[in-house]
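Each chain is listed here by its residues.
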Amino acid sequence: MPIMGLNSDFSESGLIKLQRTLRYLLENLDHENVRRLYTEHCEIKSADGETIIDGPLLKMYDKQNPAVMRLRIGYDSDIGKFIFEMKNNLDQLTLYQDDDGNANYTGIITGSLFRSAESGKRFELGNSGYSSYIDFFDSNDNNTGWIYSDTANKLHIFNKGQLDLHAGGTIDIQAVTNAQTGLSGDVNIQASGTGSKVNIGTGVIYATSDDKLGFFSATPVSKDEALNQESTIPDLPSSDPADLTYGSTEVAMINNLYDRVDKILDALKAYGLV
């Protein structure tokens, strides 16, 4: 039976060819046979959302109602720039890269190792089996120092060269009471090994060969501060001692002075200074 609009010669042979062509196309429209797709606008919908190809721009939406555009990547002709953007399910921008290549991320980044550079001068953040750490490297890939916390909740700072702490104000080193446990700790400042020293201003604290601690200061404290004396102490008589007769007041004063000098000598001996 002829089809309206087609002559009798085309009706059967043309339909057969058309049918074969359509069957071939439908059976072979897959990723192995379709190499290129030319389109200015294409919408692909599924139960999990929608993907829109709008020229050189790709947009992906989730299945919420209303849907949230979770990914936008490519050239946006409205702003005239290449973009890369990702949003969370609340339609909040969490990751993007601008046209100059600057990347920005809002959220938590997890991983076993972070490097500021592939090699050379850099720092690395990571976790090992016993600690979290920050390692520092020079331009020759030598590890020059590190900061790490161990399983005993101790924080260690080590540098192979000089370690400087600078502040425009005061540097406070404190052992405070833990608000949760109620426990407090000590502040220990130490220099290991004979001859090691800790410089504090113009003064020096140093370790002696017999594991004692010595103190020196360019500005020593006064004898009143060292001995914690009373504000007034009687003066010794100015006469020749051979001509003096010592009463109870003078004897007590001399004994008190002797006791104080003896304590100072004991302290100096204890610290290896005499």
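Residues numbered from 1 in each chain as written. Predicted model: local features only at pLDDT ≥ 70, side-chain atom pairs only at ≥ 80, totals over all residues. Heavy atoms only, no water.

Draft legend 1. The arrangement of the overall build of the chain in detail. What the chain contains, in helices and strands, is 3 helices and 15 strands. For the chain, with 274 residues in total, the buried portion stands at 14%. Considering only intrachain contacts with a sequence separation of at least 6, the fraction spanning at least 24 residues in the chain is 7%. For the chain, the exposed area adds up to about 22400 Å²; of that, 53% sits on carbon and sulfur atoms. (Helix = DSSP H or I, 4+ residues; strand = E, 2+ residues; numbered from the N terminus. Buried < 20%, exposed > 50% of the residue type's maximum accessible area, 1.4 Å probe, protein only. Contact = heavy atoms within 4.5 Å. Areas by Shrake-Rupley, 256 points an atom, 1.4 Å probe, with all protein chains shown as cover.)

Draft legend 2. Region of the structure containing the sheet that holds strand β10 (residues 132-137). Strands sit in the order β8-β9-β10-β11-β12 across an open sheet of 5 strands; the sheet is antiparallel. This sheet does not close on itself; its edge strands, each paired only once, are β8 (113-115) and β12 (155-159). Between one strand axis and the next, the sheet turns through 10 degrees on average, direction left out of account. As paired strands, strand β11 (residues 143-149) and β12 are joined by 5 bridges and run antiparallel to one another. Looking at the pairing, Y148 lines up with H156 of β12. (Pairing = 2+ DSSP bridges. Axes fitted to C-alpha atoms, helices over the stretch in contact; angles between N-to-C directions.)

Draft legend 3. Structural context of the packing of aromatic side chains. For the coordinates displayed, the defined rule picks out 3 aromatic pairs. Considering the side-chain rings of F114 and F123, the 6.3 Å spacing of their centres and the 50 degrees angle between planes classify their relative orientation as tilted. The ring of F137 is capped by R122, whose NZ or CZ atom sits 4.1 Å from the centre of that ring. (Phe/Tyr/Trp six-rings, centres within 6.5 Å; stacked < 30°, edge-to-face > 60°. Lys NZ or Arg CZ within 6 Å of the ring centre and 35° of its normal.)

Draft legend 4. Examining the sheet that holds strand β1 (residues 41-46) more closely. Taken in spatial order, the 7 strands make up an open sheet running β1-β2-β3-β4-β5-β6-β7, and their pairing is antiparallel. Every other strand in the sheet has two partners, leaving β1 and β7 (103-105) as the edge strands with one partner each. For this sheet the average axis-to-axis angle between neighbouring strands, irrespective of direction, equals 10 degrees. When β1 meets strand β2 (residues 49-54), the two strands line up antiparallel, connected through 6 bridges. What sits directly across from K45, in β2, is E50.

Draft legend 5. Geometry of the pattern of salt bridges. Evaluation of the coordinates by the stated rule reveals 9 salt bridges. Two residues, K87 and D91, come together in a salt bridge whose shortest N-O distance is 3.3 Å. Classification of D91 by relative accessible area gives partly exposed; the value is 41%. Across the salt bridge formed by R115 and E118, the nearest N and O atoms sit 3.9 Å from each other. Exposure remark for E118: the relative accessible area of 66% places this residue in the exposed category. Among the charged side chains, a network of salt bridges with common partners joins R115, E118, R122, E124 and D141. (Salt bridge = Lys/Arg side-chain N within 4 Å of Asp/Glu carboxyl O.)

Draft legend 6. Highlighting the side chain of E85. Among the structural elements, E85 can be located in strand β5 (residues 81-87). The exposure class of E85 is buried, given its relative accessible area of 19%.

Draft legend 7. Local environment of the pairing of β2. Taking the residues between adjacent antiparallel strands as the criterion, β1 and β2 are bridged by 2 residues. Note: β2 against strand β3 (residues 57-61), 5 bridges, orientation antiparallel. By the bridge assignment for β3, D54 is matched with L57.

Draft legend 8. Spotlight on the confidence of the model for the chain. The pLDDT averaged across the chain works out to 75; a share of 64% of its residues lies at or above 70. Highest mean pLDDT in the chain belongs to β3 (95); lowest belongs to helix α2 (residues 223-227) (51). Note that pLDDT drops below 50 for residues 229-233; the model gives that stretch 4 contacts with residues more than four away or on any other chain. (pLDDT = per-residue confidence, 0-100.)

Draft legend 9. Molecular detail of a negative patch on the surface. A cluster of like negative charges, contributed by E40, E43, D54 and D78, occupies part of the molecular surface. Assignment of secondary structure puts D78 in the loop between β4 (69-76) and β5. The class of D78 is exposed, set by a relative accessible area of 72%. (Patch = residues over 30% accessible without salt bridge, like charges linked within 9 Å, V, L, I, M, F, W, Y side chains within 5 Å. Lys, Arg positive; Asp, Glu negative; His and termini not counted. Charge placed at Lys NZ, Arg CZ, Asp CG, Glu CD.)

Draft legend 10. Molecular detail of a nonpolar patch on the surface. Nonpolar side chains collect at one region of the surface, where L15, L18, L22, Y24 and L25 lie side by side and expose about 470 Å² of accessible area between them. Residue placement: L25 occurs in helix α1 (residues 8-28).

Draft legend 11. Structural detail: the pairing of β5. The pairing of β4 with β5 spans 6 bridges and is antiparallel. Bridged to R72 within β5 is E85. If you look at the hairpin formed by β4 and β5, you'll find 4 residues sitting between the two strands, and G80 has a positive phi there, around 70 degrees. Hairpin connection between β5 and strand β6 (residues 93-97): a loop of 5 residues separates the two successive antiparallel strands, and D91 in this loop has a positive phi of roughly 65 degrees.

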